[in-house]
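# Report on the structure
These are the residues of each chain, in order.
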Amino acid sequence: MSRIPFVEERNGESIVRVPLTRGLGLTPVQAVLVLVGIVLLFGLPFFSGLVGLSWERLFRGILFGIAAVGLNLLLRHTELVSFGHAAFFGSGAYGVAVLAAHYDVSEGLLLLLGAVLIGTLVAIIIGYFVAGYVDIYFALLTLAFNQVMFATVFRSGFFNYNDGLQVRIGGDRPSLFGLEWTTLGYNLVLYYTTIVLLLVMLLGMWKLINSPFGRALDAIGQDRTRARFIGIPVERYVWISFTISGLYGAFAGGVYALLRLHVQPEPTLYVFVSGEILFMAILGGFTTLVGPLIGGIVLVYLLEAARFWVTYYHALTGLVLLAIVFFMPKGIVGSLPSIGAALAHRRHDPGLVREDIRGIAAAMRRAVDRAITTVRIIVFGVN
Amino acid sequence: MSQRDAAVDREATAGDPLLEVSNLSAVVQGFEVTHGIDLEVREGEAVALVGRNGAGKTSTFRSIMGLTPVANGSVRFDGEELLDLRSELIPKRGIGYQPENRDLFTGMTVEENFRLPIWTSGRARGIDDEDALVEDIFDLFTELEGRRNAEVQNLSGGQGKMTAIGRALALQPDLLLLDEPLEGLAPVVVENLKSYLHEIIKRDISVLIAESNASHVPDIVDRMYVIERGEIVDSGDPEVLAEDEEIQMLMQGGGE
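An account of the accompanying structure is given in this report. (Residues numbered from 1 in each chain as written. Chains lettered and ligands numbered in written order. Predicted model: local features only at pLDDT ≥ 70, side-chain atom pairs only at ≥ 80, totals over all residues. Heavy atoms only, no water.)

## Digging into the overall build of chain B
The number of helices and strands found in chain B is 10 helices and 11 strands. Here the C-alpha radius of gyration of chain B, 18 Å, is about what a compact globule of 256 residues would show, namely 18 Å. In terms of principal-axis extent, the alpha carbons of chain B reach across some 50 × 40 × 40 Å. Across the 256 residues in chain B, those meeting the buried criterion constitute 55%. Residue pairs in contact within chain B that sit at least 24 positions apart in sequence constitute 71% of those at least 6 positions apart. Split by element, the accessible area of chain B, about 10500 Å² in all, is 43% carbon and sulfur. (Helix = DSSP H or I, 4+ residues; strand = E, 2+ residues; numbered from the N terminus. Rg over C-alpha atoms; globule rule 2.2 N^0.38 Å. Buried < 20%, exposed > 50% of the residue type's maximum accessible area, 1.4 Å probe, protein only. Contact = heavy atoms within 4.5 Å. Areas by Shrake-Rupley, 256 points an atom, 1.4 Å probe, with all protein chains shown as cover.)

## Section: the packing of aromatic side chains
One pass over the full model with this rule turns up 23 aromatic pairs over all chains. In this structure an aromatic cluster arises from ring pairing among A:F42, A:W55, A:F59, A:Y191 and A:Y192. Its end group placed over the ring of A:Y186, A:R173 keeps NZ or CZ at 5.3 Å from the ring centre. The residue whose ring lies beneath B:R148 is B:F138, and the NZ or CZ to ring-centre distance is 4.1 Å. (Phe/Tyr/Trp six-rings, centres within 6.5 Å; stacked < 30°, edge-to-face > 60°. Lys NZ or Arg CZ within 6 Å of the ring centre and 35° of its normal.)

## A few points about helix α12 (residues 291-306) of chain A
With 16 residues, α12(A) ought to run about 22 Å at 1.5 Å a step, and its terminal C-alpha atoms sit 22 Å apart, in line with that. Inspection of α12(A) places A:G291, A:P292, A:L293, A:G295, A:G296, A:L299, A:V300, A:L303, A:E304, A:A305 and A:A306 among the buried residues, and these make up the whole buried set. (Expected span 1.5 Å × (residues − 1).)

## A word on the interface of chain A and chain B
The partner chain B presents 28 residues to the 21 residues of chain A that form the contact. Counting across the chain A and chain B interface gives 2 salt bridges. Salt-bridge contacts for A:R226 lead to B:D103; the nearest nitrogen and oxygen are separated by 2.9 Å. Between the two partners, chain A and chain B, sit 7 residue pairs in polar contact (both at pLDDT 80 or more). Elements with a contribution of two residues or more to the side of chain A that touches chain B: α7 (212-222), α8 (224-228) and α9 (234-260) of chain A. By residue number, the principal contributor to the side of chain A that touches chain B is α7(A), which donates 6 residues. (Salt bridge = Lys/Arg side-chain N within 4 Å of Asp/Glu carboxyl O. Polar contact = N/O pair within 3.5 Å; in protein donor to acceptor, adjacent residues only side chain to side chain.)

## A few points about the nonpolar core
The biggest cluster of nonpolar side chains holds 130 residues, and the ones touching the most others in it are A:I66, A:V167, B:L19 and B:L208. Counting residues per element, this core draws most heavily on helix α2 (residues 55-78) of chain A, which supplies 14 residues. When sequence neighbours within four positions are dropped, the list of residues in contact with A:I66 reads A:T194, A:L198, A:M201, A:Y248, A:F251, A:A252 and A:L293. Counting residues in hydrophobic clusters, the runner-up holds 47 residues, among them B:L133, B:L144, B:M162 and B:I209. (Core = buried A, V, L, I, M, F, W, Y, C linked by side-chain atoms within 4.5 Å.)

## Quick notes on a negative patch on the surface
Residue and element names in this part refer to chain B. Residues D16, E43, D78 and D204 make up a contiguous surface patch of negative charge. Along the chain, E43 falls in the loop between β3 (37-42) and β4 (46-50). Among the residues examined, E43 registers a relative accessible area of 39% and is labelled partly exposed. (Patch = residues over 30% accessible without salt bridge, like charges linked within 9 Å, V, L, I, M, F, W, Y side chains within 5 Å. Lys, Arg positive; Asp, Glu negative; His and termini not counted. Charge placed at Lys NZ, Arg CZ, Asp CG, Glu CD.)

## Section: helix α2 (residues 57-64) of chain B
Residue and element names in this part refer to chain B. α2 sits mainly inside the fold: 6 of its 8 residues count as buried. Every buried residue of α2 is accounted for by K57, S59, T60, F61, S63 and I64. Residue G66 follows α2 closely and has a positive phi angle near 75°.

## Considering the environment of A:L117
Its place among the elements puts A:L117 in helix α4 (residues 108-130). A sequence separation of 26 residues divides A:L117 from A:S91, and the C-alpha atoms of the two residues are 9.5 Å apart.

Written as C-alpha cells, this is what we have:
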C-alpha cells in the first residue's frame, strides 16, 4: 500500500523495489542515496574541513533542518503554513537551559528528554487553539503565539532577559551518558547521539506519512469538508500532527542548547527564526521528506560562509529564496528527479543542448528587441 | 396533495423510516436556501430528489451531512438527531455521501480512495475485513478494476463518479446520498452508471439520489420528491411524476 515514493511524481509508473528496501518502499536509486546520506552524516566531523566550515556549525544546520522536517509535516501534508515554529525550537532550548540553570539537572540526556517534553507540551497547548484554522489565519495565529513567547522570555527575569541562560551546572557543562567529557569529546558524543536519534526520527516520520494517518493528513490538506464526510476527525488529526511537528522542533532546540551551552531569546525564539525554518523547508524541497534537513544544512552553510565574503550577507538569503521560487519551486531535493531526467535526455540526444542554447539566445534577442522598442517609444514617441 | 398521501400509503409497507428530514431550512452565506424541507427514506427504499439546478438539492444533502448550517428543522437518522452531531461523526453512523463535484482525493489511487474511509471509519462501521470490502467494490464497478492503481485525477468523468460512489460504499453505509451521479456524462455512460446504481439498490442499501433530469430516474427509484426554489412541491410515484406535464414544464424552467 505504501506508495508515496522518496521523491514524488512518477505518474503511475511501476517502480522496481529491491527486497532489502521493500519494507520502506524505496527504489534502488533512493536506497543508494539514503546510504550515501548516512555515510556523509557519520563522516561529517572528519571531512568538514574540505568545505571550509567547522562541523559544529554544520551541526547547527542539521538541528535547524530537523525542526524544518517537523514543520514540513504540516506544510506538505495538512498544507498549513506555520510562521511560529521557533516557539518549539525555543521551548526545547529553554527547556534545557531552565532545567540546568534552575534545577541543577546535570545529565545531558535527561535535559534533552525534559526539553522534548516541555516543547511538546507547548505544541499541545498552541495546537489546541490553532487546529481549527487554515490559511492566513493559521499562519498569523502561530506567529502571534511565537511572538508572545518571545516577548515573555525577553522580559522575564526567570529567563534572564536578553542575556539568556547558561546551560551549566555550577560552571560545568552537562555530562553525557553519565560521563564528563572534554570539549571535543562532548561535542562528538552529542553529535553522534543526535545523528542516531535523527535517523530514528526520519524513519518514524517516513512510516508516519506512509501510514493511513498520513494519508488522512493529505486528505485534510486537500479539503477539510471532503475529509469530514468520510469521517476524518479533522481538528483532532491536525492537532496531533501539530504536536508531532512541535516535538521535532523541541528536540532540535534541546540539542542546540546542549551544543551552544548558552541560550538567548534571539537566536532561538525570535520570529525570524521561524521564518528561517520555513525557508529551509522550501529551499530543500518541501515535497520530500529529507529536503528540509538538507535545506537547513545548505542555508546555515550559506549564511556562515557568506559572512566572510560579503558585507550584506543577509541579502544573500533573499536572493537564494528568489532564485528557488523562480527556478526551482520544488527546492533542491524536490528538483533532483526532473534535473536528472533532463540531463539523461541530453546525454541521450546532444542535439537538445544546441536547442537549449538556441532557445536562450532567442529569448535574449527578444528581450533586447523589446528594450530597444521601449526606448525608441520613450525617446521618439510612437512611430 | 392527495397524490402525495397515496404515495405515502403505498410505501408504508417498505420498512421503518431510516432518514426523516422535517421542516429543514439550510442557510448558505446568510441566506435561507431551503424552506422547511420534509422528506423521508425508508429502509431498503430508493428515493429521488428531483429539481432544477439551484433548487436546493445539494444544500439539502449538505445539511444532512452537517456541512451546511441549518436555521431550523430536524434530521433524524435511525432515530438519532444528526444536527446535534459533529459532521465527521455522521459518516460513522452509516451515511455514505457522493458529492456533486466528484471531490476525490487527488494524488491518491482509486484503491486508496476506497481504503481511506475504511481506515478512518472502519471500526465505527464494524468492518473487519478491509480487503474483502475493497474487492467487493471493485467487483461491483468492474470498469474500475483495471484502473485500480491509477491516480484519480487521471480518470474519465464516469470513472470519477464511480470512484466517488465506491468511496461512499466503502463505509458500508445503511444510506447512500448520491448527488447527481448521472450529471455531465455521455448518454452511453449514463446507461452504464444506471445499471451500477440498480445493482447497489438491489443490495438492500437505502438510497437518496439527487437528479436534475426527471426522466433519468423513474426506472431505478421507488419514490420521487420534486424540489423547486427550496421547497418540496410534489412527491409520489416516479413514473407518474415524470410524465406529469406541469413537472416537465418546471424542470425545463418554464413552469410557475
